Amino acid sequence: SEISNIESATNDKPKKNASDLRLSDVSVEISEIVPHRTLAPVWLTDRDAEVSARLHPAENCPALGVYVFVLTLMNNSSSQIDEIDFKAAVPKGVKSRLVKSVSRLTVPSPFSPPPTGNQILLLQCSDGEQSSLNFSFVLSYSINEEPSTIIGKDIVLQLK
């Protein structure tokens, strides 16, 4: 029939659902990220911990259901931080990807702000209407070849 011919002509390329998108295909540059106007950064650790971590929500939404955060790590110790490894633990139905990971923070200089490193954290929710989620993480690092681990559990992240 004419109707089915018209439908097939207009639907040659099916639209991707948020669940069809691969997070590894999403690309965001740190220079393109805009801080969120209304959502405040979230401290994941104590501000004065040897390595402190803070998540900054962004306005950027590169695809339906994909949320962008900037993870800032700060060296508050008196030594270089090595072997940094940040792993996100997210609920079922949510995927995470860390972009441009930081593996080292230099030794702090007196009278200067602490050395920092920024990483991009992408979170993809299969339910694009989700407004928050429980976020957990493991942050491992070494100071003077002595390993340390910080575990954070059930931190509520606002997505919208």
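A quick note: this is a predicted structure, and the numbers were derived from the prediction, not measured. (Residues numbered from 1 in each chain as written. Predicted model: local features only at pLDDT ≥ 70, side-chain atom pairs only at ≥ 80, totals over all residues. Heavy atoms only, no water.)

Peer 1: Looking at this structure, I do not really get the packing of aromatic side chains. What am I missing?
Peer 2: The relative placement of two aromatic rings is captured by the distance of their centres and the angle of their planes. Applying the stated rule across the entire model yields 2 aromatic pairs. Ring centres 6.5 Å apart and planes at 20° place the aromatic pair F86 and F135 in the stacked group. Of the two residues, F86 is situated in strand β4 (residues 81-89) and F135 in strand β7 (residues 132-143); the sequence distance between them amounts to 49 residues. F135 carries the same exposure label as F86, and that label is buried. Ring geometry for F86 versus F137: centroids 5.4 Å apart, planes at 15°, classification stacked. Of this pair, F86 sits in strand β4 while F137 is found in strand β7, placing the two residues 51 residues apart along the sequence. Neither F86 nor F137 differs from the other in exposure class; each is buried. Through a chain of ring-to-ring contacts, the aromatic side chains of F86, F135 and F137 assemble into a single cluster. (Phe/Tyr/Trp six-rings, centres within 6.5 Å; stacked < 30°, edge-to-face > 60°. Helix = DSSP H or I, 4+ residues; strand = E, 2+ residues; numbered from the N terminus. Buried < 20%, exposed > 50% of the residue type's maximum accessible area, 1.4 Å probe, protein only.)

Peer 1: What should I look at first to understand the sheet that holds strand β1 (residues 42-43) in this one?
Peer 2: Sheets are built from strands that pair by backbone hydrogen bonding, the pairs being arranged parallel or antiparallel. Spatially, 5 strands are ordered β1-β2-β3-β6-β5 in an open sheet, and the strand pairing comes out antiparallel. Because the sheet does not close on itself, it has two edges, and the strands there are β1 and β5 (94-99). Judged from the 9 bridges that link them, strand β3 (residues 66-75) and strand β6 (residues 116-125) form a sheet pairing that is antiparallel. The partner of M74 across the bridge, within β6, is T116. (Pairing = 2+ DSSP bridges.)

Peer 1: Would you explain the side chain of S79 in this entry?
Peer 2: Residue placement: S79 occurs in the loop between β3 and β4. Engagement of the side chain of S79 in a polar contact is seen with the side chain of N144, the distance being 3.3 Å. Ignoring any residue separated from it by four or fewer positions in sequence, one finds S79 in contact with T106, V107, P108, I143 and N144. (Polar contact = N/O pair within 3.5 Å; in protein donor to acceptor, adjacent residues only side chain to side chain. Contact = heavy atoms within 4.5 Å.)

Peer 1: Would you mind going over the pairing of β7 with me for this structure?
Peer 2: Looking along a regular strand, one sees the side chains alternate between the two faces of the sheet. As judged from the 7 bridges shared by β4 and β7, these two strands associate in the antiparallel manner. Residue A89 lies in a different strand from β7, and its bridge partner there is S136. As judged from the 11 bridges shared by β7 and strand β8 (residues 146-158), these two strands associate in the antiparallel manner. Each bridged residue has a counterpart across the sheet, and for S132 the counterpart in β8 is Q158. Taking the residues that link successive antiparallel strands as the turn, the β7-β8 hairpin has 2 residues, and the phi of N144 there is positive, at about 50°.

Peer 1: Can you help me understand the pattern of salt bridges in this one?
Peer 2: Opposite charge on two side chains allows them to pair when their charged atoms are near. Considering all chains together, one arrives at 4 salt bridges under this definition. Measuring nitrogen to oxygen at the nearest pair gives 3.4 Å for the salt bridge that ties E29 to K100. Residue E29 is found in the loop between α1 (2-10) and β1, and its partner K100 is found in the loop between β5 and β6; the two are separated by 71 residues along the sequence. The exposure class assigned to K100 is partly exposed, which follows from its relative accessible area of 49%. Of the charged contacts, one joins K87 and D85 as a salt bridge, the two residues approaching to 3.1 Å between their closest N and O atoms. (Salt bridge = Lys/Arg side-chain N within 4 Å of Asp/Glu carboxyl O.)

Peer 1: Just checking my understanding: could you explain the sheet that holds β7 for this structure?
Peer 2: Spatial strand order, β4-β7-β8: 3 strands in an open sheet with antiparallel pairing. Looking along the sheet, the strands with just one partner apiece sit at the ends: β4 and β8. Here the strands of the sheet are splayed against their neighbours by 15° on average, with no regard to which way each runs. (Axes fitted to C-alpha atoms, helices over the stretch in contact; angles between N-to-C directions.)

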